[in-house]
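Listed below, chain by chain, are the residues.
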Amino acid sequence: MQIGSDLVNYLEALARIELTDTQREKCKSDLQDILSYIDTLNELDTSGVEPLSHSFPVTNVFHEDCVQESKDRDGLLLNAPFKKDGCFKVPKTVE
Amino acid sequence: MNYEITIGLEVHTELSTKSKIFCNCTTLFGGEPNTHVCEICSGMPGTLPLLNQTVVEYAVKTGLATNCSITRYNKFDRKNYFYPDLPKAYQISQLYLPVCRNGYVEIDSDAGKKKVRIHEIHMEEDAGKLIHDPWEDCTLVDYNRCGVPLLEIVSEPDMSSAQEVIDYLEKLRAILQYTGVSDCKMQEGSLRADINLSVRPAGQKELGTRTEMKNMNSFKAITRAIESESKRQIELLEEGKEVVQQTRRWDDNKGTSYSMRSKEDAHDYKYFPEPDLPPIEISDAQIDEIKSSMPELPQNKKLRYISEFGLPQYDTGIITNSIHLVYLFEETVKICKNPKIAANWIMVELMKLLNDSGTLPENINFNHSSLGKIIVILEQGKITRETAKKVFGEVFYNDVDPDTYIKDNNLSVMTDSLAIRTAIEDVLTQNEKSVNEYKGGKTQAFQYLIGQSMRALKGQAQAQEVTKILKDILG
Ligand SMILES: [Zn+2]
């Protein structure tokens, strides 16, 4: 698969980021490398191999349903670039 | 031309667990913004989610109660989207191996029994709340609801009218409440539905293009939205235009829906297996254990009420649709030992009080034993029917104890015939005109005199006794 500028633009829109032209070119070639590597992997015959859903052979790791104290709000908002009335403040979303 | 309407639902229900799905923050509704939030549910870097085991149990319970097959080996996937209601920029959900599949819920529609098939049920986390701030024209984010466990119950497009959708939702709600999986409080958002709707000319095989209306949270709005959207689509087809596949938002105040911006509509979530959570394995033993802990489900309860108690189909439908009415009914029967009378009081007097006060069954807050006590006292002839209704009203609004209330207000039935006679004689002296009319052959005057006498006796004398004495005096 060939990575074109359209795809990079689309991914930018999905990820809500804006790249410079230089970054776009870099991103295009990085993605191209990643996909070629997948092509290499695809050369392997994996019929009869169960799809791997997790890299460790563990299942059923749970927490018990009990309440513990939440983080104090000032601490929670400490790194927020913008805050107001105990909330994270972000640019206006639709409506 | 005739058109067929096809509707499928995605129902989201918040689970009644104590803690959130991937952390130990409380799921309590309300609270100051961002006070039920920790490093995990606010998506801080370097944190790891840990699955709440009760969420799995509740999902299996719901699956078994809706005739699903349980996916013994299931896992979570990452649904990526960039919107501030999700601090991680993805929602942990289940796409490839959802916990339940291929079930059905049976509804009693106008056309008899009908099965609405369940495509799948999956576990996921709820998102935060976005609040528009008009002063600074920005958005404020509260993550208290973020990470509250959700089940998404996806039906097949098996419904064809607003009524069927409501029947299905009522049945689903009853199942979720009976099993204790969710309180289903729609006004708190713990039960909400996305509606997928399309229309096609009657007889056409393939389905029409569908639209989706998101986050509907009242039965009334759902009914109105379905009626409006099917009308809109039919009108488009009639004009020779095409229905565009899109997400629409229902505005219940204006009574119309409008298309949401396409940016929000980009359904390209780039799902992939969630690397932070190991898969879940559900054993036979676990399923057996959950099966044995299942309560009697609405459909079975309904059938039992009909066969064991001889109650009418309609009444049992209404009562068993709400776990809160079931609690009250069963407690009342335990005390008064008469299911028919108990059902009758619920269907007539309680329904009247609920309607008059605009109360939902879930908000009934009087002692459940009070109705049974009133019925016992009434059946023993210690109070009149009029008094019983009055006392029940006091119970409903003020949660009084029936015995104490009757005693304190001297509401017991009058047994002193002489006192009743004296009261009636007073009434007759005051109503000479009616007495003469009666004697002149006007029978309605007698009814009037009974009414006046009952009023004078504050409804505390038995009607037969009053009639008897009245006849006796008038000759
Ligand atoms: Zn948390």
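Remember, predicted model here, so these are calculated numbers, not experimental data.

Caption draft 1: The arrangement of the sheet that holds strand 6 (residues 90-93) of chain B in detail. Residue and element names in this part refer to chain B. The strand order across the open sheet built from three strands is 6-5-16, with neighbouring strands paired in antiparallel fashion. Looking at the sheet topology across the chains shown, the edges are occupied by strand 6 and strand 16 (272-273). As defined by bridge partners, strand 5 (residues 77-80) adjoins strand 6 across four bridges and the pair is classed as antiparallel. Within the sheet, the bridge partner assigned to D77 lies in strand 6 and is S93.

Caption draft 2: Main features of the coordination of the zinc ion. All names here are of chain B. Protein-derived coordination of the zinc ion comes from C23 (SG), C25 (SG), C38 (SG) and C41 (SG), at a distance range of 2.3 to 2.4 Å. Taken in chain order, the donor set of the zinc ion reads C-x1-C-x12-C-x2-C. Taken together, the residues C25 in the loop between strand 1 (3-14) and strand 2 (51-52) and C38 in the loop between strand 1 and strand 2 connect sequence positions 13 residues apart. When sorted by exposure, C25 lands in the same class as C38, which is buried.

Caption draft 3: View of the environment of B:F76. One can find B:F76 in the loop between strand 4 (73-74) and strand 5. Remark: the alpha-carbon pair of B:F76 and B:M123, spanning 47 residues in sequence, is separated by 8.2 Å.

Caption draft 4: Up close: the side chain of B:S155. Positionally, B:S155 belongs in strand 11 (residues 149-155). Not counting chain neighbours up to four residues away, the residues in contact with B:S155 comprise B:G8, B:L9, B:V116, B:R117, B:I118, B:H119 and B:Y168.

Caption draft 5: Local environment of the interface of chain B and chain A. Listed by partner, the interface residues are 59 residues for chain B and 34 residues for chain A. Roughly 4,200 Å² of surface becomes buried between chain B and chain A when both sides are summed, with 55% attributable to carbon and sulfur atoms. Taken together, the links from chain B to chain A amount to five salt bridges. Here B:E39 ties to A:K71 by a salt bridge, and the two come within 3.3 Å at their closest N and O atoms. Linking chain B to chain A there are 26 residue pairs in polar contact (both at pLDDT 80 or more).

Caption draft 6: Quick look at the packing of helix 9 (residues 339-357) of chain B against helix 10 (residues 369-379) of chain B. Residues and elements named next belong to chain B. One can describe the packing of helix 9 onto helix 10 by two numbers: an axis separation of 11 Å at closest approach and a directional angle of 115°. For the pair helix 9 and helix 10, the crossing hand works out as right-handed. Contacts between helix 9 and helix 10 involve I341, A342, W345 and I346 on the former and, on the latter, L371, I375, L378 and E379. Its residues placed into classes, the contact of helix 9 with helix 10 shows seven nonpolar, no polar and one charged.

Caption draft 7: Broad picture of helix 2 (residues 162-178) of chain B. Residues and elements named next belong to chain B. With 17 residues, helix 2 should reach 24 Å at 1.5 Å per residue; the first-to-last C-alpha distance of 24 Å fits that figure. Of all the 17 residues making up helix 2, 15 are buried; the element is thus mostly covered by neighbouring parts of the structure. A positive backbone phi angle near 75° is found at G180, which sits one or two residues after helix 2.

Caption draft 8: Layout of the environment of B:V154. Residue and element names in this part refer to chain B. As for its placement among the helices and strands, V154 is situated in strand 11. By relative accessible area, V154 is classed as buried at 14%. Residues within four places of V154 in sequence aside, it is in contact with L9, E10, I118, H119, E120 and H122.

Caption draft 9: Structural context of the sheet that holds strand 15 (residues 256-259) of chain B. Residue and element names in this part refer to chain B. The sheet built from nine strands is open, its strands ordered 3-7-8-11-1-12-13-14-15 with mixed pairing. On the outer flanks of this sheet lie strand 3 (69-70) and strand 15, each paired with one strand and no other. Bridge count between strand 7 (residues 100-109) and strand 8 (residues 112-125): nine bridges; the pairing is antiparallel. Within strand 8, the position partnered with C100 by the bridge is I121.

Caption draft 10: Just the nonpolar core, in detail. Residue and element names in this part refer to chain B. In terms of nonpolar packing, the biggest core is built from 61 residues, with L9, V11, M123, Y168, I195 and I222 touching the most fellow members. No other element matches helix 2, which puts eight residues into this core. Here Y168 is in contact with L9, V11, V105, I107, V116, I118, I153, S155 and M159, once residues within four sequence places are set aside. Judged by nonpolar contacts, the second largest core, of 39 residues, contains A342, L353, F366 and F392.

Caption draft 11: Region of the structure containing the pairing of strand 1 of chain B. Residue and element names in this part refer to chain B. Strand 1 sits mainly inside the fold: 10 of its 12 residues count as buried. Note that strand 1 and strand 12 (residues 191-201) share 11 bridges and pair antiparallel. Residue pairing in the sheet places E4 in a bridge with R200 of strand 12. Alignment of strand 1 against strand 11, held across five bridges, turns out to be antiparallel. Bridge pairing in strand 11 links H12 to E152.

Calculation rules
- Residues numbered from 1 in each chain as written.
- Chains lettered and ligands numbered in written order.
- Predicted model: local features only at pLDDT ≥ 70, side-chain atom pairs only at ≥ 80, totals over all residues.
- Heavy atoms only, no water.
- Pairing = 2+ DSSP bridges.
- Helix = DSSP H or I, 4+ residues; strand = E, 2+ residues; numbered from the N terminus.
- Donors = N, O, S within 2.8 Å, 3.2 Å for Na, K, Ca; no water.
- Buried < 20%, exposed > 50% of the residue type's maximum accessible area, 1.4 Å probe, protein only.
- Contact = heavy atoms within 4.5 Å.
- Buried area = accessible area lost by both parts, 1.4 Å probe.
- Salt bridge = Lys/Arg side-chain N within 4 Å of Asp/Glu carboxyl O.
- Polar contact = N/O pair within 3.5 Å; in protein donor to acceptor, adjacent residues only side chain to side chain.
- Axes fitted to C-alpha atoms, helices over the stretch in contact; angles between N-to-C directions.
- Left-handed = near helix turned anticlockwise from the far one by under 90°.
- Nonpolar A, V, L, I, M, F, W, Y, C, P; charged D, E, K, R; others polar.
- Expected span 1.5 Å × (residues − 1).
- Core = buried A, V, L, I, M, F, W, Y, C linked by side-chain atoms within 4.5 Å.

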